[in-house]
Amino acid sequence: MFSFNLPPQDALTYLKSKGLELTFDYEEMMHEQHHKAFTVAKITRLDLLNDVHQSLINAMEEGKPFEQWKRELRPTLQEKGWYGKTEVTDEKTGEVKEINVNPYRLRNIYETNLRVAYNVGRYKQFNDLPDAVYWRYVAILDHKVRPSHAALHGMVRHKSDPFWVKNSPPNAWRCRCKVQAFNREQLAQRGYKVTPPETPLPEEYKGAHPDWAYDVRIGASAELETTYYQKAKNALTAAEGSSLGRVAFATALSDLRANFDAKAYEKFVSAVTADVTSPVNEAVAGYIDADVYGFLSTKGITPAEPHIWLTKKGLTHMLRETKKGTGNALTQAEIMHFPQVLTAMAAKVLFDKVKGNVLYIFESEQEGKKNKIAVEVNYSTAKGKRNMILTSGKVQPEDLTAEKIYEEIK
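Because the structure is predicted, anything quoted here is derived from the model rather than measured.

Where do I start with the overall build of the protein chain in this structure?
In terms of regular secondary structure, the protein chain is built from 14 helices and 14 strands. Taken over 410 residues, the protein chain has a buried fraction of 45%. In the protein chain, once contacts between residues fewer than 6 apart in sequence are set aside, the share between residues at least 24 apart is 66%.

Now the structure itself:
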């Protein structure tokens, strides 16, 4: 049985933060994509997907075990034709497939989503313990445990060890393993020894299941970044926007800066460039820094979150313009450079007084021109208000000096 005694707030926040995405086959949305969107393969109606999502949130909030969750959800599934043997149609291809929505399938939905949310919440808590940097792999040593997972039981590695990138529990379907976090003193008290980084893994363990070979902890990273951001905003508010407040804000943002992963953005650009049908729909390209936040606050604008996003649709448009060779589009190399520009290396940041956007200006590969990235703050999306990259392009330097249109932020 898998249940909760009390609703873990970090796990709840993670589960509630997900948007909804319809998929026909589970391969349509893989690995880290699950941190941003909730999906159930073969559910092709948004209202039904929302029903399942909300039922899982309620189960976690109220500590409902599987049997109770299944019993309460079943009437809704039956009413909407998604229980027992039923036919579902892929809206994209017209393919019709018969499936059997039975207790086994429902248990998989329940346990997969709640276990991932629970573990993401745990990883976030571990990140809030700066000294507890040694993680211990814990398997449930009963008759159900996989021999490969039992072989990892008791292994202790530093949290930065590459092992955890693709092997953090859950690392297989219905995996019940977990991680414990300790500092050096706690390890010594319990007699646990750190596994040297060069130590090979047990022969029994062949690696995570291919469907689970990704960094489950990333779900905690997004929440962690938002936590840092909220702390930063509180610091600025407490100082009433003063220069000292901006210093406090910048200090609080240093944790976010250290946690920011530009490589994820680079992988996103590379994947979409190679194949426009790539299932990765968005990536974080940077974040709102202290100076920009402070300036926007003078305009009565408070960014809802720290991240600056680029969607696949926006990137595809940029790449299409690049291929046209009009002379005003950015090169792929310049697009790949966005994280560095947005986080630290913009030559100038302007406020568009007409459109209300923030423009990040940086050096162009084309002589005599500048590059710009236009970001709309608090852009409305299905997942809430986000800071979104709307356009990019090359401009004449003199076009950026119109005082009636632009105000310099920094």
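Picking up after the structure, the text goes on.
I tried to follow the packing of aromatic side chains on my own but got confused; where do I start?
To describe a pair of aromatic rings, one takes the distance between the centres and the angle between the planes. Applying the stated criterion to the full structure yields 15 aromatic pairs. Ring geometry for Phe 126 against Trp 135: centres 5.5 Å apart, planes inclined by 55°, an arrangement best described as tilted. Of the two residues examined, Phe 126 and Trp 135, each falls in the buried class. These aromatic residues form a ring-pair network of at least three members: Tyr 123, Phe 126, Trp 135, Phe 163, Trp 164 and Tyr 205. Above the ring of Tyr 192, the side-chain terminus of Arg 136 is found at 4.2 Å from the ring centroid.

Just checking my understanding: could you explain the state of the cysteines for this structure?
Each disulfide is one covalent bond, formed between the sulfur atoms of two cysteines. If you walk through the whole model with that rule in mind, you get zero disulfides. With no disulfide of its own, Cys 175 lies closest to Cys 177 among cysteine sulfurs, the gap being 3.7 Å.

Where do I start with the sheet that holds strand 7 (residues 178-182) in this structure?
Note on sheets: strands pair through backbone hydrogen bonds, and any given pair is parallel or antiparallel. Ordered in space as 6-5-7, the three strands form an open sheet in which the pairing is antiparallel. Every interior strand has two partners, whereas the edge strands, strand 6 (156-158) and strand 7, have only one. Taking the axes of each pair of neighbouring strands and ignoring which way they run, one obtains an average angle of 35° across the sheet. Pairing of strand 5 (residues 134-138) with strand 7 involves five bridges; the strand directions are antiparallel. Among the inter-strand pairings, Trp 135 is bridged to a residue of strand 7, identified as Ala 181. Across the sheet, helix 4 (residues 103-127) touches strand 5 and strand 7, and the angle it forms with strand 7 is around 10°.

I tried to follow the environment of His 149 on my own but got confused; where do I start?
Residue placement: His 149 occurs in helix 5 (residues 147-150). Residue classification places His 149 among the buried residues on the basis of a relative accessible area of 4%. Along the chain, His 149 and Ala 172 lie 23 residues apart, while their C-alpha atoms are 9.5 Å from each other.

Would you mind going over the sheet that holds strand 12 (residues 370-381) with me for this structure?
Taken together, seven strands build an open sheet; the order of strands is 8-9-13-12-11-10-14 and the sheet is mixed. Bordering the open sheet on either side are strand 8 (282-287) and strand 14 (406-408), each of which pairs with just one other strand. Neighbouring strand axes in the sheet, compared pairwise and without regard to direction, differ in orientation by 35° on average. The pairing of strand 10 (residues 348-352) with strand 11 (residues 358-363) spans four bridges and is classified as antiparallel. Its bridge partner lying in strand 11, Leu 350 is registered against Leu 359. Against the sheet, helix 10 (residues 262-274) makes contact with strand 8 and strand 9 (307-311), and its axis sits at roughly 140° relative to strand 8, the strand it touches most. Packing against the sheet, helix 14 (residues 338-345) makes contact with strand 8, strand 9, strand 11, strand 12 and strand 13 (384-395), and its axis sits at approximately 30° to strand 8.

Looking at this structure, how should I read the pairing of strand 13?
Looking down a regular strand, the side chains alternate between one sheet face and the other. For strand 9 and strand 13, the ladder comprises two bridges, and the chain directions are parallel. Each bridged residue has a counterpart across the sheet, and for Ile 308 the counterpart in strand 13 is Asn 387. Pairing geometry for strand 12 and strand 13, over 10 bridges, is antiparallel. Residue Val 375 lies in a different strand from strand 13, and its bridge partner there is Ile 389. Between strand 12 and strand 13, which pair antiparallel and follow one another directly, the connecting turn spans two residues.

What should I look at first to understand the environment of His 337 in this one?
Counting through the fold element by element, His 337 comes out in the loop between helix 13 (332-336) and helix 14. Of the residues examined, His 337 reaches a relative accessible area of 29% and is grouped as partly exposed. Residues His 337 and Phe 362, 25 residues apart in the sequence, show an inter-C-alpha distance of 9.9 Å. In this view, His 337 contacts Met 345 and Phe 362; residues no more than four positions away in its chain are not counted.

Teacher, can you tell me more about a nonpolar patch on the surface here?
A cluster of nonpolar side chains, Leu 20, Leu 22 and Leu 46, forms an exposed patch at the surface whose accessible area comes to about 230 Å². If you trace the backbone, Leu 20 turns up in strand 1 (residues 19-20).

Please explain the packing of helix 3 (residues 66-79) against helix 4 as it appears in this structure.
If you want to describe how two helices pack, look at the angle between their axes and the distance between the axes. One can describe the packing of helix 3 onto helix 4 by two numbers: an axis separation of 11 Å at closest approach and a directional angle of 115°. The pairing of helix 3 with helix 4 is recorded here as roughly perpendicular in orientation. For the crossing formed where helix 3 meets helix 4, the hand is right-handed. In contact with Phe 66, Glu 67, Trp 69, Lys 70 and Leu 77 of helix 3, helix 4 contributes Pro 103, Leu 106, Arg 107, Ile 109 and Tyr 110. Here the contact of helix 3 with helix 4 is built from residues that sort into seven nonpolar, no polar and three charged.

It is not clear to me how the pattern of salt bridges should be interpreted in this structure. Could you clarify?
It is possible for side chains bearing opposite charge to pair when their charged atoms get close. All told, the structure shown has 19 salt bridges when counted by the stated rule. The partner of Lys 70 in a salt bridge is Glu 67, and the shortest N-O contact between them spans 3.0 Å. Note that Lys 70 and Glu 67 are positioned in helix 3 at a spacing of three residues, about one turn of the helix. Relative accessible area serves as the criterion here: at 11%, Lys 70 is assigned to the buried category. Take Glu 67: its relative accessible area is 41%, and that puts it in the partly exposed class.

Calculation criteria
- Residues numbered from 1 in each chain as written.
- Predicted model: local features only at pLDDT ≥ 70, side-chain atom pairs only at ≥ 80, totals over all residues.
- Heavy atoms only, no water.
- Helix = DSSP H or I, 4+ residues; strand = E, 2+ residues; numbered from the N terminus.
- Buried < 20%, exposed > 50% of the residue type's maximum accessible area, 1.4 Å probe, protein only.
- Contact = heavy atoms within 4.5 Å.
- Phe/Tyr/Trp six-rings, centres within 6.5 Å; stacked < 30°, edge-to-face > 60°.
- Lys NZ or Arg CZ within 6 Å of the ring centre and 35° of its normal.
- Disulfide = S-S within 2.5 Å.
- Pairing = 2+ DSSP bridges.
- Axes fitted to C-alpha atoms, helices over the stretch in contact; angles between N-to-C directions.
- Patch = residues over 30% accessible without salt bridge, like charges linked within 9 Å, V, L, I, M, F, W, Y side chains within 5 Å.
- Areas by Shrake-Rupley, 256 points an atom, 1.4 Å probe, with all protein chains shown as cover.
- Salt bridge = Lys/Arg side-chain N within 4 Å of Asp/Glu carboxyl O.
- Parallel < 35°, antiparallel > 145°, perpendicular 65-115°, else oblique.
- Left-handed = near helix turned anticlockwise from the far one by under 90°.
- Nonpolar A, V, L, I, M, F, W, Y, C, P; charged D, E, K, R; others polar.

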